Amino acid sequence: MRMLCASTLIGEFFVIGFAGLVAMKSDDLSHATVWTVCGIGMLFSVLLCGMLTRPGGVQLGWALQVALVASGFVIPVMFILGVAFGALWWASVHYGRRIDEVKARWAAQAEADTA
């Protein structure tokens, strides 16, 4: 699960950075505000890669997905990208756990075969 989720988070890192570049074109937002918010989001996505195996790591990932969708109120295309990455996050968590279960079964069977 960790590998799939981390890959999704790294993709989000780049999307958040590119969204910051788009948001800089807005006259309503200062450059400092844009890069503070985007920088925090980018840092959070990278730090979250290391926190995935800890309790609450996946839930924090869901919080990031909600924030991505909510950023659509500032940059409308982020509604689409946020939903797309939310779906990727769900798939990473869901199928990652299934893969982990299969690997555990194979390891248990291999151990039983050698014993």
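As the structure is a computational prediction, the values presented were derived from the model and not from experiment. (Residues numbered from 1 in each chain as written. Predicted model: local features only at pLDDT ≥ 70, side-chain atom pairs only at ≥ 80, totals over all residues. Heavy atoms only, no water.)

A. Inspection of the state of the cysteines at higher detail. Following the criterion strictly, the structure yields 0 disulfides and no others. Of the cysteine sulfurs around C5, a residue in no disulfide, the closest is that of C49, at 9.3 Å. With a relative accessible area of 12%, C49 lands in the buried category. (Disulfide = S-S within 2.5 Å. Buried < 20%, exposed > 50% of the residue type's maximum accessible area, 1.4 Å probe, protein only.)

B. Main features of the packing of helix α1 (residues 2-23) against helix α3 (residues 57-70). Packing of α1 against α3 leaves a shortest axis separation of 12 Å and a crossing angle of 30°. The pairing of α1 with α3 is recorded here as roughly parallel in orientation. Here the hand of the crossing between α1 and α3 comes out left-handed. For the pair α1 and α3, contact is made by L9, E12 and I16 and by L64, Q65 and L68, respectively. (Axes fitted to C-alpha atoms, helices over the stretch in contact; angles between N-to-C directions. Helix = DSSP H or I, 4+ residues; strand = E, 2+ residues; numbered from the N terminus. Parallel < 35°, antiparallel > 145°, perpendicular 65-115°, else oblique. Left-handed = near helix turned anticlockwise from the far one by under 90°. Contact = heavy atoms within 4.5 Å.)

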